[in-house]
Amino acid sequence: MNGSREVILGRIRRALLRPGPGQGQEHGSLNGVQSSSGRVDPVQLFGQFQEQSERVGGEPRLCTDSEEALRGIQDLVVAAAYRRVAVSNHEICRRHRLAQVLSDLLPEVSLWIEEGNSDSGSSRRRNSRQLAQADLSITGAEFLIAESGTVLIASTGSSRQISLLPTAHLVLATPDQICPDLAAVFQQLGTAPEEGRLPAALTMITGPSRTADIEKVLIKGAHGPVRQLTWVIGRL
Amino acid sequence: MNVSLFIPCLVDQFFPSVGINLVKILRKVGVSVDYPREQTCCGQPAFNSGYHEEATQLARRFLEVFGDAETIVSPSGSCTSMVKVFYPEILQDVGLRKSLQAVTDRTHEFSDFLVNVMGIKDLGATFPHRVTYHDACHLFRELGVHRAPRELIRHVRGIELVEMENSDACCGFGGTFSVKFPEISTAMTQDKSAAILKTEAEYVVANDSSCLMQIGGYLSRQGFPIKPLHLADLLGENL
Amino acid sequence: MNRSPSQFKILASENVADQRLRNTFQSATGHALGQRAQSVQLVPEWEDLRERAHRIKEETVEHLDFYLEKLEASVIRRGGRVFWARDASEASNYVVNLCRRLQAPTVVKSKSMAAEEIGLADALESGGVEPVETDLGEFIIQVAGETPSHIIAPALHMTRQQIGKLFHEKFGIPYTDVPAELCAFARQRLRREFLSARLGISGVNFAAADTGTIVIVENEGNARLCTSLPRVHLAIMGLEKVIPRFADLPLFLKLLARSSTGQRQTSYVSMISGPRREQEWDGPEEFHLILLDNGRSDILADPRMRRSLYCIRCGACLNTCPIYQRVGGHSYGSVYSGPIGSVLTPLFQGLEVAKDLPYASSLCGSCSNICPVKIDLHHQLLWLREKLVSRRATPWQERLAMSLFAAGMKDPTLYRMGSALLRLLLKVSGRGNRPFAVPGWSPTRDFPALAETSFKQWWEDNRPGGEG
Ligand code: SF4
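Residues numbered from 1 in each chain as written. Chains lettered and ligands numbered in written order. Predicted model: local features only at pLDDT ≥ 70, side-chain atom pairs only at ≥ 80, totals over all residues. Heavy atoms only, no water.

Each side of the interface is counted separately: chain C has 108 residues, and chain A has 89 residues. Carbon and sulfur atoms supply 54% of the area buried between chain C and chain A, which totals about 8600 Å² over both sides. Run the count over chain C and chain A and you get 8 salt bridges. In this structure, the salt-bridge partner of R160 of chain A is E280 of chain C, at a minimum N-O distance of 4.0 Å. The interface formed by chain C and chain A includes 40 residue pairs in polar contact (both at pLDDT 80 or more). For the side of chain C that touches chain A, the element with the highest residue contribution is helix α10 (residues 179-196) of chain C, accounting for 10 residues. Here the side of chain C that touches chain A is built from residues that sort into 50 nonpolar, 24 polar and 34 charged. As paired strands, strand β9 (residues 201-205) of chain A and strand β9 (residues 268-272) of chain C are joined by 5 bridges and run antiparallel to one another. By the bridge assignment, L202 of chain A is partnered in β9 of chain C with M271 of chain C. (Contact = heavy atoms within 4.5 Å. Buried area = accessible area lost by both parts, 1.4 Å probe. Salt bridge = Lys/Arg side-chain N within 4 Å of Asp/Glu carboxyl O. Polar contact = N/O pair within 3.5 Å; in protein donor to acceptor, adjacent residues only side chain to side chain. Helix = DSSP H or I, 4+ residues; strand = E, 2+ residues; numbered from the N terminus. Nonpolar A, V, L, I, M, F, W, Y, C, P; charged D, E, K, R; others polar. Pairing = 2+ DSSP bridges.)

Set out below in structure tokens:
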């Protein structure tokens, strides 16, 4: 806080003494966007998610069970000749015992496991350098948004950098995490935002990192991952 | 029904045939036509240049001249929008509110009047030519009129209407803009003309003489044979 | 390259004559408009959303003090710090001092129009700190020593060949004009900066007052890197970026993404509430938010201009503006270009400096029509013109002409007489009604001839007996 605070607020208050075009708007009467639908068929929801994700260059996939997902990861790593794989400590990764299974399945790959809280600055920096070398990272989602093919992740689930620095990013999710649209997600997030339940960073990811800054030519992988994969594990 | 004509100064001085043909059209559809002789200019040139005091004076005059009119019809989307959209912005006096409301409610651009007030689409005109239609900015965006003129054109016998690309892109006139920034204004007309030429139409039709003056002025300077034509002229001349 | 809005006329006529530049802007804006139209088409309630966003912005701006205090309290509650900056130098000084405290020789920066507005990069350099622009477009123009030419696509004016040559000369890499290779080079080079910087600076697209959440919308991921890796994150926002509620975000995000690039969602949307929390993996230890006034409270003081503060910087009005399309962003001599620039620049920098901008519009209205928060942009330009006139800042010849015009038009007899006299003079002078040469008009367009008989005269002559 500083001296200019009062000056600026004073100016604003003086300025607002002159009524504007539409004074007296009822506060809170204009909340957000309504979610477009109530219950939607999960097959349809996943179908929409898949279509939208593919449109923006994402790689969505449905795996009926843990085994299929794990085999899928193995195939992915082998096919793309990934050498370094980072696995987050997200609940879904632990549930499928990714770290252990992958080290058995892919003994030639160097696995990096995100562990504990990297409290000190130096260890975090070390992690950054490790992750910047990784070909693939595997993390978990909080929500998927069908309308736009979007994945929502939280800084409480995994580190921020693990979904950002590696060349490819695979997010694992479950069918019940798919919401029809952004408004539906916000309805779930927003139950009590003032109480500080929001994580410090919520990030929505829609397809791979991209840019069109050079002559409007679309390029994938500007600063973030070149590939964005989203796998939903479970039966619809 | 009694219609009072509101003839913009540009039409009065440079393109009187537009007014004359409008009279012809209105008589044909059976309304009685009057021309309040005291009218001059709606004030738009002053208003658009920022001279709101001068514009306000002319707006007040307009209300005096047309205050008692049953219906006001004009062959210009631009001047009509001055009355309907911008008068309420500059005439804030409470005393004028009622007469202002009355006048703005009763003022119509002519194609809008014919199609949406009178319910007439076919005037019985014949014009065996290929034409393209330019959406004048004020008519299109301030007044939201774009279907009515096309309906009128489509019902002309023998006519072929070819849509141009970006028919609602500005022609580049913009009043004093056209002489304050001649290079930009000309560049806009150049692109507009290219779109028009691509249709291979013989005529470019619009409902505002100012756009036609801009487009036509450029086309004729370039020596292109395509001719500008006000919709009132198209309809009135060929009844 | 320092351009001033006072040079608009010169710059614009130069740029409009540059056919290459004109093609670049026309095809890029055309592309963006096409994408936008496609995605908006899929939202049947679009007009409704615009209206609601307009009303929420109205609500916010009309109670700006309330929402800013609320935002401040929420940010502090989340462990962040808030700094109120009256002007550019207060804001810049705060950042420079922060760099000193952090002993940060470099900072990584993502795109922020507010930072551009206050010239933060220059201020940092004078303060001995190297600002590294990390948005690809911003990086390119920083290396070129240029300024942004579009608020969404800063390097829109440059060709791939120019960029290739630039990188070749500045960095000694082999020449290439393949966009993907140029991008890959920038990615690799900037990674180093991200990994070592102690301070990351970002802009703010929206700031929710109830939760203290700032939202950053982007496609490249550089803003995520700027806000995730360095030890400290500083965000800078114009006062008007505040919105009442976190729950308003779906609405604004929908409007912004579709209006600016035609995307349903940009690749990344970061919603940041304060610094890293204890149980979290990583993220900055400190979060600073600069609330920048820099002339905004003055804009607020004029109720007619207030709506210009609703802007969410989507760039759609630039894309649709027939003037912007032909003269490009640099003609405006300011970081804000296009219709919103023509409104904001005179308000920020003074009407006298930016006299031409309010007139740099044919008033076609396509800007107001496209604006996702329904700012009446072309009306705002008209009010600015009126301000110029009432300050007597227009040329005396024009003022004289206008008062003569008004006098003539107010008096129908004078009008009639003038019109008759003019025709008489033309007749006796032997000139007839050949068209006049009109300065500014006639070099490129034929001017119509005065009609032999005015409509008024025709009506007099043919006045129907029974009618009227
Ligand atoms: S004025 Fe409206 S259209 Fe222009 S950038 Fe701002 S929000 Fe977008």
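Still more ground to cover, so stick around.
Moving on, we come to the domain arrangement of chain C. Domain assignment breaks chain C into domain 1 (1-42 + 310-394), domain 2 (45-294) and domain 3 (413-461). Each of domain 1 of chain C and domain 3 of chain C has a C-alpha centre, and these two points are 35 Å apart. (Domains from an automatic or database assignment.)

It is worth spelling out the packing of aromatic side chains at this point. Residue and element names in this part refer to chain B. Going through the model one piece at a time under the given rule, you end up with 32 aromatic pairs over all chains. Centroid distance F14 to F15: 6.4 Å. Interplanar angle 45°. Geometry classified as tilted. Using a relative accessible area of 18% as the deciding quantity, one classes F14 as buried. A relative accessible area of 22% places F15 in the partly exposed class. Geometrically, the ring pair formed by F127 and Y203 is tilted, given 5.0 Å between the ring centres and 55° between the ring planes. Placement of the pair is F127 in the loop between α7 (110-117) and β5 (130-133) and Y203 in strand β7 (residues 203-206), with a sequence separation of 76 residues. (Phe/Tyr/Trp six-rings, centres within 6.5 Å; stacked < 30°, edge-to-face > 60°. Buried < 20%, exposed > 50% of the residue type's maximum accessible area, 1.4 Å probe, protein only.)

Residue and element names in this part refer to chain B. What the domain assignment lists for chain B is domain 1 (2-117) and domain 2 (130-237). Taken together, the contacts link 26 residues of domain 1 with 22 residues of domain 2. Across the domain 1 to domain 2 interface the summed buried area is about 1900 Å²; carbon plus sulfur atoms make up 66%. Taken together, the connections running from domain 1 to domain 2 amount to 0 salt bridges. Linking domain 1 with domain 2 are 12 residue pairs in polar contact (both at pLDDT 80 or more), by the criterion used here. Here the element with the most residues in the side of domain 1 that touches domain 2 is helix α5 (residues 77-90); it accounts for 7 residues. Its residues placed into classes, the side of domain 1 that touches domain 2 shows 11 nonpolar, 11 polar and 4 charged.

This part covers helix α11 (residues 182-198) of chain B. Counted at 1.5 Å a residue, the expected span for α11 of chain B with its 17 residues is 24 Å, and the 24 Å between its end C-alpha atoms agrees. Immediately downstream of α11 of chain B, the backbone of E200 of chain B shows phi near 55°, a positive value. (Expected span 1.5 Å × (residues − 1).)

So, about the pattern of salt bridges. Residue and element names in this part refer to chain A. Summed over all chains, the structure comprises 46 salt bridges over all chains. With its nearest N and O atoms 3.6 Å apart, the salt bridge here joins E67 to R71. Taken together, the residues E67 and R71, both in helix α3 (residues 66-79) and 4 residues apart, mark about one turn of the helix.

Here we come to the sheet that holds strand β5 (residues 143-145) of chain A. With mixed pairing, 8 strands are arranged side by side in an open sheet as β8(A)-β5(A)-β6(A)-β9(A)-β9(C)-β6(C)-β5(C)-β8(C). Every interior strand has two partners, whereas the edge strands, β8 (178-179) of chain A together with β8 (242-243) of chain C, have only one. As judged from the 3 bridges shared by β5 of chain A and strand β6 (residues 150-154) of chain A, these two strands associate in the antiparallel manner. By the bridge assignment, L144 of chain A is partnered in β6 of chain A with V151 of chain A.

Turning next to the arrangement of the chains. Contacts between protein chains span 2 pairs of chains, and they are most numerous for chains A and C. At no point do chain A and chain B touch; the closest pair of C-alpha atoms across them sits 12 Å apart.

Turning next to empty space enclosed by the protein. Space left empty within the atom packing is revealed by a probe, the size of a water molecule, rolled over the atoms. All names here are of chain C. Under the counting rule described, the total for this entry stands at 5 cavities of 30 Å³ or more. The volume enclosed by the largest cavity comes to roughly 110 Å³. Lining the largest cavity we find 17 residues, and of these C321, I323, P339, S361 and C367 sit closest to its centre. Elements with a minimum of two residues in the lining of the largest cavity: α15 (322-327), α16 (338-349), α17 (366-370) and α18 (377-390). Here the lining of the largest cavity takes 3 residues from α16, the largest share from any one element. (1 Å grid on protein atoms, 1.4 Å probe; cavity = no way out; pocket = protein on both sides within 12 Å on 5 of 7 lines; lining within 4 Å. Points joined across faces, edges and corners; volume = space filled by probe spheres on them.)

Core analysis: the biggest nonpolar cluster contains 148 residues, and F8, M271 and L289 of chain C have the highest contact counts within it. In terms of residues, this core owes the most to one element, α18 of chain C, which gives 7 residues. In this structure L289 of chain C touches L71, V75, R81, V82, F83, V204, I214, A235 and M237 of chain C, once residues within four positions along its chain are discounted. The next biggest cluster of nonpolar side chains, apart from the first, holds 58 residues, and it includes V29, F113, Y203 and L229 of chain B. (Core = buried A, V, L, I, M, F, W, Y, C linked by side-chain atoms within 4.5 Å.)

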